Each structure stands twice: as structure tokens, then as C-alpha cells.
Amino acid sequence: MAKVVLIYGSTTDNTEMLSEHVAAGLERGMANVTVKNVTDANVKELTDYDAIVFGCSTWGEGDLQDDFVEFYDAMDGISLDGKKAAVFGPGDKEDYPDSFCTAVDILEETLEKHGAKLVADGFKVDGEVEPAFEDAEAWGLKVAKAL
Ligand SMILES: Cc1cc2nc3c(=O)[nH]c(=O)nc-3n(C[C@H](O)[C@H](O)[C@H](O)COP(=O)(O)O)c2cc1C
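Parameters at a glance
Residues numbered from 1 in each chain as written. Predicted model: local features only at pLDDT ≥ 70, side-chain atom pairs only at ≥ 80, totals over all residues. Helix = DSSP H or I, 4+ residues; strand = E, 2+ residues; numbered from the N terminus. Rg over C-alpha atoms; globule rule 2.2 N^0.38 Å. Buried ≥ 20, exposed ≤ 12 C-beta atoms within 10 Å, placed from the backbone. Contact = placed C-beta atoms within 7 Å. Core = buried A, V, L, I, M, F, W, Y, C linked by C-beta atoms within 7 Å. Near = placed C-beta within 6 Å. Nonpolar A, V, L, I, M, F, W, Y, C, P; charged D, E, K, R; others polar.

**Details of the overall build of the chain**
Looking only at helices and strands, the chain features four helices and eight strands. Put simply, the chain runs from its N terminus to its C terminus through helices and strands in the order β-α-β-β-β-β-α-β-α-β-β-α. The globule rule puts the C-alpha radius of gyration for 147 residues at 15 Å, and the 14 Å found for the chain is close to it. Counting only C-alpha atoms and orienting by the principal axes, one finds that the chain spans roughly 40 × 35 × 25 Å. Relative to its full complement of 147 residues, the chain shows a buried share of 42%. Pairs at least 24 residues apart make up 80% of the contacts formed inside the chain by residues separated by at least 6 positions.

**Things to note about the nonpolar core**
In terms of nonpolar packing, the biggest core is built from 44 residues, with V4, L6, V22, I52 and V53 touching the most fellow members. Mapped by element, the contributors of at least two residues to this core are β1 (3-9), α1 (14-28), β3 (51-56), α2 (66-74), β6 (84-91), α3 (102-113), β8 (123-126) and α4 (133-145). With sequence-adjacent residues up to four places away left out, V53 is seen in contact with V4, L6, V22, A86 and V143.

**Focus: the site of the ligand**
Close to the ligand lie 20 residues; S10, T12, T15, S57 and G91 are nearest. Counting residues per element, the ones that place at least two in the shell around the ligand are α1, β4 (58-59) and β6. Broken down by class, the residue content of the shell around the ligand amounts to five nonpolar, twelve polar and three charged.

**Focus on unusual backbone geometry**
One non-glycine residue, D13, lies in positive phi territory at about 75°. If you trace the backbone, D13 turns up in the loop between β1 and α1. Even without being glycine, M30 reaches a positive phi, approximately 70°. Take M30: it is sitting in the loop between α1 and β2 (32-37).

Pasting the structure below:
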């Protein structure tokens, strides 16, 4: 059973809600999932898991969600060789067409830079997250099957 850590950063709970559904999909795919708010997570523990799933919303004009910034900076120098990874997050295409869900792209790039292998396309949710709960679970299942 693959050991997966799902770490999310969320300001208005949208990513947190999506995380529950992604985690449900991962569990359906027989992964052993630990879900953590990024404020309770430590970069060093990433190496304890087979796979890493990040959930992060985009703020400002294309920035990572505030709580994720410190964690992201702390990843400098870490090796994630051999780890599998995937990233999801909500955003708003209408108001931020030029920076829609760029937090997902930033985290994908950094995971690859540190040696992790992306096992699924980033899952980006536009606008209200509730209609995407089912898709979030399906995406989690897809990630689990790729581990
Ligand atoms: C001030 C502000 C800036 C935002 N900037 C972006 C952005 O650059 N790109 C984007 O896709 N969404 C942007 N959003 C939309 C949020 O990412 C979206 O509301 C998301 O669902 C918030 O998720 P969270 O509650 O998990 O933090 C912004 C929203 C606000 C209020």
C-alpha cells in the first residue's frame, strides 16, 4: 500500500474541501493517506512517504497561497528522488485569466526540480469548488492508480 502525504494550503477553505475529496479518491485507490494543513507540515517528513500530493490555491497575481510560501522556501536543497507526486488547486479564470491556478504550475515545477516524478496532470478547479468534488475524487483515484 503506497504511503501518501497530501499537504494543502487554503485561505478560504476551498482547497481544504477539495483535499477531503482527493483523499477519498486516493483511499479508494488503496493508498494510505495522511492529510495535513501545510501549517502543520514539515519539509523533512516528505521523505517518509512514497508519494506527495500538494493542494494549493493561487493568490495575489499568480502567487502561492500564503501559508505555502514558507514550506516552499524550506524545500530548497531537499532531494525527492524516487518520489511520485501530483498537484491540484482552485483558482478563478474569469478574474485572473493570466495567472489562473499558477500555484499548481509552480509546485509541479519545484517537485520535478527536486527529483519527484509527476504521475498525473495538475488538477485545476475554476470558481466554485463544490461542483468539482466528484472530479476531485476521480482525480485522487487516478493518482492512486498511477503509484
Ligand atoms: C485577492 C485574490 C487574488 C486571487 N488571485 C488569483 C490568481 O492569481 N489566480 C487564480 O487562479 N485565482 C486567484 N484567486 C482566486 C482564489 O485562488 C480562489 O478563490 C480559491 O478558490 C481560493 O482557495 P482557498 O480558499 O483554498 O485559498 C484570487 C482570489 C483573491 C480574493
